[in-house]
Amino acid sequence: MFHTTFYVRRLHSLVGLLALGMVLFEHIFTNSMALGGAPALNGALAMMELIPHPIFLGLEIGAIAAPLLFHAIYGIYICLQAKNNPERYGYVRNWQFALQRWTAWFLVVFLVWHIFYLRIFTKGIAGVPISYELLQNYFVANPVYAVLYILGMFAAIFHFCNGITTFCMTWGIAKGPRVQNVISALSMGLCAVLCLVTLAFMGSYFVM
Ligand code: HEM
């Protein structure tokens, strides 16, 4: 029993960093094409459409949905066991621990909404292709949704970047407090950069 928990936890950690990390980077990269306007984003989306449909669907299920479902379900189990106490101790690490859990809860709700509305309902059921124009109309007509999307992206970025530090601790890569602080500072730097890129591409829908 002890060993099962140990290995499942390691798998949860690996899936979060590698599989979901790649999805996050791909997402930020593709969406940042919006900075180049409709031709750039629609061109990037059209490139993805060149992948034959069955292979694309297989990738969506095998490389995104399955890892995400596993990480989310086991993550909820971990969250339900976690004792958050940032007010009591106030250390940065305690706050990061609590924020890792709070962003996880927020991501559960945000990702269900995002995936159901855009991928399953709009593209899958209604058959409307995702394009720059569709996203721009959606956000400009509903600025509250744009704010929720920015918060959802910030939550995913923080959760991933803080996860780089906890990953290094889980796997014994960062053993002492000094090296842990360096990794934490670097990953928070990455977090700031990715959040700024997100603000830039989301903001571009309102100025172009
Ligand atoms: C969908 C909802 C999600 C839930 C409920 C969730 C839950 C969790 C929890 C509870 C942890 C801490 C594990 C621990 O302390 O042992 C964690 C770690 C992590 N998560 Fe998530 N997560 C979610 C989505 C994501 C996403 C979208 C990404 C990537 C963008 C991600 C990447 C990571 C990484 C890299 C770690 C660090 C692994 C480690 O500490 O070894 N997670 N997640």
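Residues numbered from 1 in each chain as written. Predicted model: local features only at pLDDT ≥ 70, side-chain atom pairs only at ≥ 80, totals over all residues. Heavy atoms only, no water.

The name an unreviewed UniProt entry gives the chain is Succinate dehydrogenase subunit C, with Selenomonas ruminantium as the organism. Note on the chain: under the UniProt heading Subcellular location (unreviewed entry), the record states "Membrane". (UniProt positions renumbered as here; feature names shortened; annotations may be inferred.)

Colleague: How do you make sense of the environment of Ile76 when you look at a structure like this?
Modeller: Looking at where Ile76 falls in the secondary structure, it is placed in helix α3 (residues 53-81). In the structure, Ile76 is positioned 25 residues away from Arg101 in sequence and 8.8 Å away in space, judged by C-alpha atoms. (Helix = DSSP H or I, 4+ residues; strand = E, 2+ residues; numbered from the N terminus.)

Colleague: When you look at the UniProt feature "transmembrane region" (unreviewed entry) in the chain in this model, what are you seeing that I'm missing?
Modeller: Within this structure's numbering, the places UniProt gives as "transmembrane region" (unreviewed entry) are residues 53-80, 101-120, 140-161 and 182-207. What you have in residues 53-80 is 100% helix and 0% strand, and the ends, taken at the C-alpha atoms, are 38 Å apart. What you have in residues 140-161 is 95% helix and 0% strand, and the ends, taken at the C-alpha atoms, are 29 Å apart.

Colleague: Where do I start with the packing of helix α6 (residues 132-141) against helix α8 (residues 177-207) in this structure?
Modeller: Two quantities define a packed helix pair, namely the angle between the helix axes and the distance between the axes. α8 packs onto α6 with a crossing angle of 85° between their chain directions and a minimal axis gap of 9 Å. By the angle between their directions, the pair α6 and α8 is classed as roughly perpendicular. Between α6 and α8, the contacting residues are Tyr132, Leu135, Gln136, Phe139 and Val140 on the first element and Met202, Ser204, Tyr205 and Phe206 on the second. Counted by class, the contact of α6 with α8 contains seven nonpolar, two polar and no charged residues. (Axes fitted to C-alpha atoms, helices over the stretch in contact; angles between N-to-C directions. Parallel < 35°, antiparallel > 145°, perpendicular 65-115°, else oblique. Contact = heavy atoms within 4.5 Å. Nonpolar A, V, L, I, M, F, W, Y, C, P; charged D, E, K, R; others polar.)

Colleague: Where do I start with the side chain of Arg101 in this structure?
Modeller: Here Arg101 lies in helix α5 (residues 92-125). Setting aside anything within four residues of it in sequence, one finds Arg101 in contact with Arg9, Ile78, Cys79, Ala82 and Asn84.

Colleague: Explain the site of the ligand here, please?
Modeller: Within the structure, the ligand sits among 24 residues, and Ser13, His71, Arg101, His159 and Thr166 are positioned closest to it. Measuring from an oxygen atom of the ligand, one finds a side-chain N or O atom of Ser13 at 2.5 Å. Take Thr170: an N or O atom from its side chain is 3.3 Å from an oxygen atom of the ligand. Elements that contribute at least two residues to the shell around the ligand include exactly α1 (2-32), α3, α5 and α7 (143-170). In terms of residues, the shell around the ligand owes the most to one element, α1, which gives seven residues. The residue makeup of the shell around the ligand, split by class, is twelve nonpolar, ten polar and two charged. (Near = heavy atom within 4 Å. Polar contact = N/O pair within 3.5 Å; in protein donor to acceptor, adjacent residues only side chain to side chain.)

Colleague: How should I be thinking about the environment of Ile173 in this particular structure?
Modeller: Mapped onto the elements of the fold, Ile173 is located in the loop between α7 and α8. Taking the C-alpha atoms as reference points, Ile173 and Glu133, separated by 40 residues in sequence, lie 45 Å from one another.

Colleague: What should I look at first to understand the coordination of the iron atom of the ligand in this one?
Modeller: A four-donor tetrahedral metal ideally has 109.5 degree angles, and a six-donor octahedral metal ideally has angles of 90 or 180 degrees. Distances from the iron atom of the ligand to its protein donors, His71 (NE2) and His159 (NE2), fall within 2.0 Å. Given six donor atoms and angles of 87 to 179° at the metal, the environment of the iron atom of the ligand is assigned as octahedral. One end of the pair, His71, is in helix α3; the other, His159, is in helix α7, and 88 residues separate them in sequence. Note on accessibility: His71 and His159 belong to one class, buried. (Donors = N, O, S within 2.8 Å, 3.2 Å for Na, K, Ca; no water. Tetrahedral: all angles 85-135°; square planar, octahedral: opposite > 155°, others 65-115°. Buried < 20%, exposed > 50% of the residue type's maximum accessible area, 1.4 Å probe, protein only.)

Colleague: It is not clear to me how the nonpolar core should be interpreted in this structure. Could you clarify?
Modeller: Note on soluble globular proteins: their nonpolar side chains tend to be buried together. With 33 residues, the main nonpolar core has Phe139, Ile157, Met202 and Tyr205 as its most contacted residues. At the level of elements, α1, α2 (37-49), α5, α6, α7 and α8 are the ones that each hand at least two residues to this core. Ranked by the residues each element gives to this core, the list is headed by α7, at twelve residues. The residues contacting Met202, other than those within four sequence positions of it, are Phe139, Ala146, Tyr149 and Ile150. (Core = buried A, V, L, I, M, F, W, Y, C linked by side-chain atoms within 4.5 Å.)

Colleague: Please explain the pattern of salt bridges as it appears in this structure.
Modeller: It is possible for side chains bearing opposite charge to pair when their charged atoms get close. If you walk through the whole model with that rule in mind, you get two salt bridges. Among the salt bridges present, the one from Glu49 reaches Lys123, with a minimum N-O distance of 3.7 Å. Pair noted here: Glu49 is in helix α2 and Lys123 is in helix α5, with a separation of 74 residues, a long-range link. One salt bridge connects Arg119 with Glu60, and the closest N-O pair in it is separated by 2.9 Å. (Salt bridge = Lys/Arg side-chain N within 4 Å of Asp/Glu carboxyl O.)

Colleague: Just to check I follow, could you spell out α7 for this structure?
Modeller: In an α-helix, one turn spans 3.6 residues; hence positions three or four apart end up facing the same way. Given a rise of 1.5 Å per residue, 28 residues ought to cover 40 Å, and the 39 Å separating the end C-alpha atoms of α7 matches this to within 8%. Of all the bends in α7, the greatest, near 30°, is centred on Ile164. Positive phi appears at Gly172, one or two residues downstream of α7, with a value of about 70°. (Expected span 1.5 Å × (residues − 1). Bend = angle between axes of the 7 residues up to and from the residue.)

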